[in-house]
Protein chains: 2
Amino acid sequence: MRGTKGKEVKRLFHSFNPDSPIVGYGVCKVVDSKHSGFKKGDLVWGVTKWEEYSVITLTDSLFKIEHTDVPLSYYTGLLGMPGMTAYAGFYEVGAPKKGDYVFVSSAFGAVGQLVGQLAKLMGCYVVGSAGSKEKVEILKNKFGFDGAFNYKEEQNLNATLKRFFPEGIDIYFDNVGGDTLEAALLNMRRRGRIVVAGMLSQYDLDEPQGIKNLMNIIFKQIKIEAFIVFDYYDKYPKFLETVVPYIKEGKITYMEDIAKGIENAPEALEALFTGRSAGKQVILVAHD
Amino acid sequence: MRGTKGKEVKRLFHSFNPDSPIVGYGVCKVVDSKHSGFKKGDLVWGVTKWEEYSVITLTDSLFKIEHTDVPLSYYTGLLGMPGMTAYAGFYEVGAPKKGDYVFVSSAFGAVGQLVGQLAKLMGCYVVGSAGSKEKVEILKNKFGFDGAFNYKEEQNLNATLKRFFPEGIDIYFDNVGGDTLEAALLNMRRRGRIVVAGMLSQYDLDEPQGIKNLMNIIFKQIKIEAFIVFDYYDKYPKFLETVVPYIKEGKITYMEDIAKGIENAPEALEALFTGRSAGKQVILVAHD
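Let me begin by describing the structure that accompanies this report. (Residues numbered from 1 in each chain as written. Chains lettered and ligands numbered in written order. Predicted model: local features only at pLDDT ≥ 70, side-chain atom pairs only at ≥ 80, totals over all residues. Heavy atoms only, no water.)

### Focus: the overall build of chain A
Argument step 1. The number of helices and strands found in chain A is 9 helices and 11 strands.
Argument step 2. A compact globule built from 288 residues should have a C-alpha radius of gyration of about 19 Å, and chain A, at 19 Å, falls within 12% of that.
Argument step 3. If you line up chain A on its principal axes, its C-alpha atoms span 60 × 40 × 35 Å.
Argument step 4. With 288 residues in all, chain A has 49% of them scored as buried.
Argument step 5. By sequence separation, contacts in chain A at least 24 residues apart represent 62% of the contacts at least 6 residues apart.
Argument step 6. Of the roughly 13800 Å² of accessible surface on chain A, a fraction of 51% belongs to carbon and sulfur atoms.
Argument step 7. The average position of the 35 basic charges and that of the 35 acidic charges among the side chains of chain A differ by 5 Å. (Helix = DSSP H or I, 4+ residues; strand = E, 2+ residues; numbered from the N terminus. Rg over C-alpha atoms; globule rule 2.2 N^0.38 Å. Buried < 20%, exposed > 50% of the residue type's maximum accessible area, 1.4 Å probe, protein only. Contact = heavy atoms within 4.5 Å. Areas by Shrake-Rupley, 256 points an atom, 1.4 Å probe, with all protein chains shown as cover. Lys, Arg positive; Asp, Glu negative; His and termini not counted. Charge placed at Lys NZ, Arg CZ, Asp CG, Glu CD.)

### With respect to helix α6 (residues 178–187) of chain A
One full turn of an α-helix is made of 3.6 residues, so residues set three or four places apart face in the same direction.
Residues and elements named next belong to chain A.
Argument step 1. When you tally the buried positions in α6, you get 8 out of 10 residues, the bulk of the element.
Argument step 2. Taken residue by residue, α6 has G178, T180, L181, E182, A183, A184, L185 and N187 as its buried positions.
Argument step 3. On its buried face, α6 sits against β4 (101–104), α5 (157–164), β7 (169–174), β8 (188–196) and α7 (216–219).

### Regarding the nonpolar core
Argument step 1. Among the nonpolar cores identified, the biggest contains 52 residues, and A:I217 and B:I217 are the most heavily contacted of them.
Argument step 2. Dropping the residues within four chain positions of it, A:I217 is found in contact with A:L185, A:I222, A:I224, B:V196, B:M199, B:I224 and B:A226.
Argument step 3. B:M81, B:F90, B:A130 and B:L139 belong to the second-largest nonpolar core, a separate cluster that totals 50 residues. (Core = buried A, V, L, I, M, F, W, Y, C linked by side-chain atoms within 4.5 Å.)

### Thoughts on the relation of the copies chain A and chain B
Argument step 1. At an RMSD of 0.1 Å, chain A and chain B line up after a rotation of 180° and a shift of 0.0 Å along the axis. Taken together, the rotation and translation relating the two chain copies correspond to the operation of a two-fold axis. Measuring from the rotation axis to each C-alpha of chain A, the shortest distance belongs to A:G210, at 1.9 Å.
Argument step 2. When the interface residues of chain A are mapped onto chain B, 100% of them again lie at the interface, so the same face is used by both copies. (Least-squares fit on C-alpha atoms with pLDDT ≥ 70 in both.)

### Focus on unusual backbone geometry
All names here are of chain A.
Argument step 1. Of note, the phi angle at A95 is positive, near 45°, even though the residue is not glycine.
Argument step 2. Mapped onto the elements, A95 comes out in the loop between α2 (81–93) and β4.
Argument step 3. Notably, Q221 is not glycine yet its phi reads approximately 50°, a positive angle.
Argument step 4. Along the chain, Q221 falls in the loop between α7 and β9 (223–226).

Next up, the structure:
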């Protein structure tokens, strides 16, 4: 749903009609298949539609579900695209080492939550930013972040980051861009990595904000790298090998907010943008 | 001399005195040594001083010269720090492939010249920017660039790059930052690499220019990476293996502007900043 904030989400509501349902990530059971990779009865996740029965012709981003001993809804988040985004960005792009200082913005999001927990499991020090006091508390008490702050309450993000990272930042997992990126650039350590998964703060602006602190990448030999998860789907089996055991051992926590019935979908979608959602928003269209 | 433009160069002149000579890259013959790695008679290059006889205590960036069948002055440029900067930035950071579209800013500089020639030898398409008509002609006719332009004469750098790179840019070797980086971001191809060796346009500004087009790194999964050559000196033998044969075969061209006598050093230094220098500026302090 990234990139569909504000104006765009209203457009989505207005365009909603049964002939062209909204497309999104979902979990389905195959009822019939002409594709050799999928057969009747298979459980799959990937890009589906907001409807009870769908004809899916774009099968490239459809994955067969092998591990069914975890909640199937997890494949819309933790074990699906957002989870793979966190994994690919943190491990493949961020190249973390034990003891690294890691900062995650929009840390309460489905991606940020997992980045923080993967970083902790690797022995990193992790601080996250979020947009409410409640989210900050959950990051610290439930997801095990070493620190968290509400960016809306900070006057000077540079000073905030200096407080949380007196030694500087090795990896900044950027979901927001803008002022937070500006402050992070001032606080990176030598050969630090800025992993760019999104720039949420910039999507609604008519003109993007200019980033003034880029010279710091020279002073400190920094790498800034943006990526899309689709380039890393070959790592999906390795991702499951890593994350599924962590889930079963209770070492990874995950929060979902499940709305029952497609009739409740518009309200649930709206909740994403008002900050009311208490975890990954899932719509339960139909049981098995 | 990077980072010492404008005000800084004046400071250097005023501070010049025999008790604290200017430090720079030079070629010397060892007349006495207490270091096991260097003996009397060895030729070395590295950080030396602007004087006839020097006591050098910082030996970490001092290299013994093995290939003496090329002009020794080359070790201040093409075969020294600027050459290694070009080599490390282009090959190690840029990860070039045959056929890549390569753009080099400040292409007439010692680093840029070599980046362009290495790119051509690899089978890339190369365009460079420079600050005068004469430099543009030399880039095209002497250094073999596929195209070159005088950035001072272009009204719209975005349109200029679109003209030279209708298919987009795979590698942008950035020596200048600012407007040129802004325009390059708009013209990068998917998974393009921006290798940042310097941001010459920003060193004299009181407040750095904000870069507005950073969102493009997300749209096109771009990597921006800054580096310093010191992190790559382990590749120096490999660099010599690559570049020395090219020099002997005449496949790499190199221009030097040699001022004879240390008394001519201030004028030669000034020439760097007025654009009068016709190639790598070298001061010949003393013959063997």
